[in-house]
Amino acid sequence: NSSEQQNNNNNSSSNNYNKVQTLRSLHIDYVHDIAFDHYGRRIATCSGDRTVKVWDLSDDGEWTFRPGTGSEWSAHRGSVCRLSWAHPEFGQLLATCGTDHAVSVWEEREGSGLSLIGGDTSSMLNPTSYSGASTAPPPGMSPTAATRWVSKATLTDARRAVTCLEFAPRHLGLRLATGSADGVVRIYEAIDVMNLNHWAINGSIDVEDVDGAGFAGGALAEATLGVSCLSWCTGKFEPPTLVVGGSSGRVVVYRYSDASRQWGVLLTLPGHSRGVLDVSWSPNVGRGYHLVASCGKDGILRVYRLKRGRYGGAASQTNNKKQSASSLASSSSLELEKHQVLEKGTSEVWRCQWNVTGTVLASSGDGGVVRLWKSDFRNEWKCVSELRGDVSPSVMQ
């Protein structure tokens, strides 16, 4: 019976891989980012054509996009680089960033008729002339729709293009971390979650010296792009913590200190010989350690295993036995236990992302292959599946 059940599970897994839907992006330029919402029933895409599109999962399991329903709008005056969904507790919020040095926070609202986004009345759009497939609406406008995306705030503190952003986990409140080509990570926080028009800078981190100080050799040229990626630690008993990757190849973990009210370097991880393209902090589901993944232009995909430590050693641990979990977390540190190179190819690895339980890592790159990685009983990461650009799956033994 157990063998039959295992075969059934394997067949079910194979069938799931065969359920592939090919979507026309409907963008007229390269798609720069794709993001699922919290429940995995909506997809947002952004592109160099300055627009954002939102796709919905229908009841029959098909991804649908309906032009002219408010699911597409012009978000920036330049290419849109990244986007991020907030936790649904705060509503349907989407943050975008672009080469126009700006970060925009959008909220979905019910509405009808010609919808106004961001309060721009300088131009009007004739809904009957908009096809949605080849022509983007002008900045600030959305076509006739049952819902509309309204610009709640535009953050323009960056001196260069904003390259990455991510909303913080729900337990940290409505915070948004952004990284830009000027080498600075800025953390914003909504002053009032009921009024999303006002966001304050909660902290900033000088990550990359874009003027070249502190870099040697060929790193100077790579450093001109500043911060390239970041990811929040999702552990509920950890202080606010970020892992940040830069074009210099460094991968650094930063942590916020309540005592100094500043962000500081917690841990420097083995980096990449060239620029870092993506980092991802694994969701922590009851584990006693953390997993972080990074990938870069050098074709390397790496997983780091971080264990919790204590400031002050064993004596401090003994004295703090009766402290609360939150106070212990604030006095804890992270140490690199080990790291493993999963992929070392000739092509760049562009993205890496964990599943919701932090047990499967997906990677993609210039090779046109999406690879899925899992840890075996020896805690060694192996490629268990590949999905090629022609959507033909192959299972690795």
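Thresholds, definitions, all that
- Residues numbered from 1 in each chain as written.
- Predicted model: local features only at pLDDT ≥ 70, side-chain atom pairs only at ≥ 80, totals over all residues.
- Heavy atoms only, no water.
- Salt bridge = Lys/Arg side-chain N within 4 Å of Asp/Glu carboxyl O.
- Helix = DSSP H or I, 4+ residues; strand = E, 2+ residues; numbered from the N terminus.
- Buried < 20%, exposed > 50% of the residue type's maximum accessible area, 1.4 Å probe, protein only.
- Polar contact = N/O pair within 3.5 Å; in protein donor to acceptor, adjacent residues only side chain to side chain.
- Contact = heavy atoms within 4.5 Å.
- Pairing = 2+ DSSP bridges.
- Phe/Tyr/Trp six-rings, centres within 6.5 Å; stacked < 30°, edge-to-face > 60°.
- Lys NZ or Arg CZ within 6 Å of the ring centre and 35° of its normal.

Student: Go over the pattern of salt bridges with me, naming the residues and quoting the values.
Tutor: Applying the stated rule across the entire model yields 18 salt bridges. Salt-bridge contacts for Glu 335 lead to Lys 307; the nearest nitrogen and oxygen are separated by 4.0 Å. With Glu 335 in strand β23 (residues 332–344) and Lys 307 in strand β22 (residues 300–310), the pair connects residues that are 28 residues apart, well separated along the chain. Residue Glu 335 is classed as partly exposed on the basis of its relative accessible area, which comes to 37%. Overall, Lys 307 belongs to the partly exposed group, its relative accessible area being 36%.

Student: So, the side chain of Asp 182: which residues are in play, and what are the values?
Tutor: Along the chain, Asp 182 turns up in the loop between β13 (175–180) and β14 (184–192). A polar contact of 3.2 Å, which involves the side chain of Asp 182, links it to the backbone nitrogen of Val 184. A distance of 3.0 Å separates polar atoms of two side chains, one belonging to Asp 182 and the other to Arg 186.

Student: Before we move on, can you summarise the environment of Lys 382 with the specific residues and values?
Tutor: Within the secondary structure, Lys 382 sits in strand β27 (residues 381–388). C-alpha separation for the pair Lys 382 and Arg 371, spaced 11 residues apart in sequence, amounts to 10.0 Å. When residues no more than four places from it in sequence are discounted, the contact partners of Lys 382 are Leu 372, Trp 373, Lys 374 and Asp 376.

Student: Give me the lowdown on the pairing of strand β18 (residues 251–257), citing residues and values where you can.
Tutor: Within β18, six of the seven residues are buried, leaving the element largely enclosed by the surrounding structure. Here strand β17 (residues 241–246) runs beside β18; their pairing, made up of five bridges, is antiparallel. Residue pairing in the sheet places Val 244 in a bridge with Val 252 of β18. In this structure, the hairpin formed by β17 and β18 is closed by a connection of four residues, where Gly 249 is found at a positive phi of approximately 100°. In terms of strand pairing, β18 meets strand β19 (residues 262–269) through seven bridges, oriented antiparallel. Bridged to Val 252 within β19 is Thr 268. Hairpin connection of β18 to β19: four residues between the antiparallel strands, including Arg 261 at a positive phi of 55°.

Student: Residues and numbers for the packing of aromatic side chains, please.
Tutor: Counted under the stated rule, the structure contains eight aromatic pairs. With a centroid separation of 6.0 Å and an interplanar angle of 70°, the aromatic rings of Trp 85 and Trp 149 are classed as edge-to-face. Separated by 64 residues along the polypeptide, Trp 85 in strand β6 (residues 80–85) and Trp 149 in strand β11 (residues 147–155) bring together distant segments of the chain. Ring centres of Trp 232 and Trp 263 lie 6.1 Å apart, and the angle between their planes is 70°; this geometry places the pair in the edge-to-face category. In this pair, Trp 232 sits in strand β16 (residues 227–232) while Trp 263 sits in strand β19, placing the two residues 31 residues apart along the sequence. The burial state of Trp 232 is the same as that of Trp 263; both residues are buried. Members of the aromatic cluster, connected to one another through ring pairs, are Trp 73, Trp 85, Trp 106 and Trp 149. The positively charged end of Arg 305 is found above the aromatic ring belonging to Tyr 289, 3.7 Å away from the centroid.

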